[in-house]
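Examination of the molecular architecture
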Amino acid sequence: MSPRRPIFVAAFGCLVLAGLGLQDWSVDGGRAMTFAGPALDAYGLALTAEGPAQLTLLPIPRLSLERVRLAAGSAGPTLAEGGRLTIDLDPIALLAGRAALGGLRLDAARLSPDAAAWREPLARLAGRMRAGATQHPRRIALTGARVGDGADARDIDIDLAWPFWSANAEAHASMTWRGVPTRIALAHMLPAYIAQGLRTPFTATVTWPDGSLAAEGTVGPPPDGGGLPPLAGRARFESRALPKTLAWLGRDAPLAALAGAFSLDGRFEAGDRSVSWPSLRVGLGDDVLDGAGAVTLGTGPEPRLSVQATLAAETLNLSPLLADLIRLFEAEPASLALGPLTGGDLDLRLSAAEGRVGPVLAQDLAASILVRDAAVEVAVNRARLQDGMLKGRVTLASAADPAETEVRMQGSLDRVDVGSLLGEIGAGRWLSGPLQGQFSLEGSARDSVALLASLGGRATLSVDGGAIAGLDLAELVHRNGAVPTGALARRNGRTAFERAAITLRFSDGIGEFAESGLRGPSVGASLQGQVSLPGRRIAARGDLALRALADLPGRGLLFEVTGPLDAPTAQIVSHGEAMLPDPFKVPAALGLSGAARAYAP
């Protein structure tokens, strides 16, 4: 017989056996459950299935069952049901006539949303590890699963690998969480350490279309009764739109509705229901702030988030915040309800070497933001502005009607170089001198338009020892209101004054001029009228008179300042006798700005 014949026969036999081993063999479902049941019982799982089962021997023995139900014990809650379960059988245990789990794969199943239902199987697994058991599933996979009705989580694919030759486990998952595709990766975990109550290293990443979270460090077993497990390490969180991300997560945070792009990076420590950041870097739009902070999640059915932080920056761009404030003064009403802004507590301390609002630069800025239930307080404790000082505070509180908000505003300016400030905002240095002022306003309304119509209080501005450039008021009176011709005359024109002031007393959004005007060595002026915040207009009339004894007695002019607040006009309406009040009392404010703008080149 040719020596090749036994080789061919052996090869043919191997092919036949391989074909038989790769084939799915139908087996009785009841017998299959009886055979596989003890392997699952060791983990506190009870298995039931409907219909026939299939057995495949190669390449790894596996048993497949249809329409399965996995429960936490024979009388416990259902953990998973309705899918197809494939059990990888340990070959060595199978030769001994018993079933041992080598791996599990569950397809298209509905998972229980009750986290407490999974505690018993997890406790059984931890107990086996503490007892020194080395046998455990080397791979657990879920495909096409959903949690409950799938409203929160669906299309769940999870691959958990824990090979017998390694102490490390890693997991990869993808799912659609509340309509957003999400990917999760977890590596470097030591499950045996967790089972023994020890800390294990970990590396985790979570990505979704609008952001990502990456963390690495150590984690311990979760505490009894829930809460965050003890973690420590470094994490980085990024979101292109923080309000959208928080809404997706089902969480709320204080002032989140005002945020846009947001990032957080630093060392952290977490335990129970709080996370502290001893070293923290926060990104808000284009701004970067460094400091420390802490986040605490309250208890109860609707836990409230509490945030504390102290942050500092070299430069801070406040223009987006000012843009939100300016929108409150637009013609279209904007809601003032505090509910969207007070979804948590906030105690934030801010400092910056420079703070910029458009072209205006403030230095040595110190501010604070406090958010409590139905209340917000923003304070500028200190800011140097053009060699002067700015301070201010805004307090918002919900009224008896949550849609209505009570607003209180107060602030002060001290010796601000008004000429430099005007030049910085591009208005031209038509006025110079140290600017001082203060304001105190309050009102209550449901929207911004109604708020302007309810404001009451007082505002004053004054400049002492200043000058108006481009206009000589004394010469204007001598010429009976005629402006000198020629650019040179206007450039050489100048009116020095001892004091210029405006005082406004507000009631229902209407500001009445009180003791407002200008006093100089050769000329004086007074101003009466109104400023309407709801109508965004000014209507005022004043007189301009010579003060020097050598001048003709009683020589003066009458003028009007009218129009919208952002573009008022001034014009001479008549000339004749105009007496200046004596003594000329002014509290604190800027006078004749409309007239100066009208005549300046």
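You'll find the structure just up there.
Residues numbered from 1 in each chain as written. Predicted model: local features only at pLDDT ≥ 70, side-chain atom pairs only at ≥ 80, totals over all residues. Heavy atoms only, no water.

1. Some remarks on the pairing of strand S23 (residues 375-385)
As a reminder, the rule being used: DSSP calls a pair of strands paired once it identifies at least 2 bridges connecting them. Runs of H or I in DSSP of at least four residues are treated as helices and runs of E of at least two as strands, each being numbered from the N terminus.
Pairing analysis gives eight bridges linking strand S22 (residues 360-372) to S23, with the strands arranged antiparallel. When the sheet's bridge partners are listed, Val371 is paired in S23 with Val376. Here S22 folds back onto S23, and the loop between the two strands holds two residues, one of which, Ala374, carries a positive phi near 65 degrees. A loop of two residues connects S23 with strand S24 (residues 388-398), the two strands running antiparallel in sequence, and Gln386 in this loop sits at a positive phi of about 50 degrees.

2. Describing the environment of Ala46
Selection rule: The classification of residues rests on relative accessible area computed with a 1.4 Å probe and restricted to protein chains. Under 20% of the type maximum is buried, over 50% is exposed, and intermediate values are partly exposed. Residues count as neighbours in contact if any of their non-hydrogen atoms are within 4.5 Å of one another.
Inspection of the secondary structure assignment puts Ala46 in strand S2 (residues 45-49). We classify Ala46 as buried; its relative accessible area is 17%. Separated by 29 residues in sequence, Ala46 and Ala75 have C-alpha atoms that sit 8.6 Å apart. What Ala46 contacts, discounting residues up to four positions off in sequence, is Arg69, Leu70, Ala71, Gly73 and Ser74.

3. So, the packing of aromatic side chains
Convention followed: A pair of Phe, Tyr and Trp rings is counted when the ring centres sit within 6.5 Å of each other, with Trp represented by its six-membered ring. The angle between the planes then sorts it: under 30 degrees is stacked, over 60 is edge-to-face, the rest tilted.
Using the criterion set out here, one finds four aromatic pairs in the structure. For the ring pair Trp208 and Phe237, a centre distance of 6.1 Å and an interplane angle of 35 degrees mean the geometry is tilted. One end of the pair, Trp208, is in strand S14 (residues 200-208); the other, Phe237, is in strand S16 (residues 228-239), with 29 residues separating them in the sequence. Exposure remark for Trp208: the relative accessible area of 11% places this residue in the buried category. Aromatic side chains Phe237 and Phe262 sit 6.2 Å apart centroid to centroid with 55 degrees between the ring planes, which places their arrangement in the tilted category. Note that Phe237 is positioned in strand S16 and Phe262 in strand S17 (residues 262-272), a separation of 25 residues in sequence. Following the ring pairs from residue to residue traces out a cluster consisting of Trp208, Phe237, Trp248 and Phe262.

4. Quick word on the pattern of salt bridges
Working definition: two side chains of opposite charge can pair if their charged atoms are close together. As a reminder of what qualifies: We define a salt bridge as a contact between a side-chain nitrogen of Lys or Arg and a carboxyl oxygen of Asp or Glu at a distance within 4 Å.
Counted by the stated rule, this structure contains 21 salt bridges. Close ionic contact of Arg519 with Glu498 constitutes a salt bridge, the shortest N to O distance being 3.3 Å. You can see Arg519 sitting in strand S31 (residues 516-519) and its partner Glu498 sitting in strand S29 (residues 494-507), a full 21 residues away along the chain. A relative accessible area of 24% places Arg519 in the partly exposed class. For Glu498, a relative accessible area of 40% translates into the label partly exposed. Between Arg541 and Glu560 there is a salt bridge, and its shortest N-O distance comes to 2.4 Å. Separated by 19 residues along the polypeptide, Arg541 in strand S33 (residues 537-546) and Glu560 in strand S34 (residues 555-564) bring together distant segments of the chain. Overall, Arg541 belongs to the partly exposed group, its relative accessible area being 40%. Via salt bridges that share partners, Arg234, Arg236, Glu238 and Asp265 belong to a single interconnected network.

5. A word on the side chain of Thr200
Turning to its location among the elements, Thr200 is positioned in strand S14. If we skip the residues at most four places from it in the chain, Thr200 touches His188, Met189, Leu190, Tyr193, Ile194, Gly217, Thr218 and Val219.

6. Digging into unusual backbone geometry
Phi at Gln386 takes a positive value of approximately 50 degrees, unusual for a residue other than glycine. Looking at the secondary structure, you find Gln386 in the loop between S23 and S24. Within the chain, Arg415 stands out as a residue other than glycine whose phi angle is a positive 55 degrees. Secondary-structure assignment places Arg415 in strand S25 (residues 405-417).

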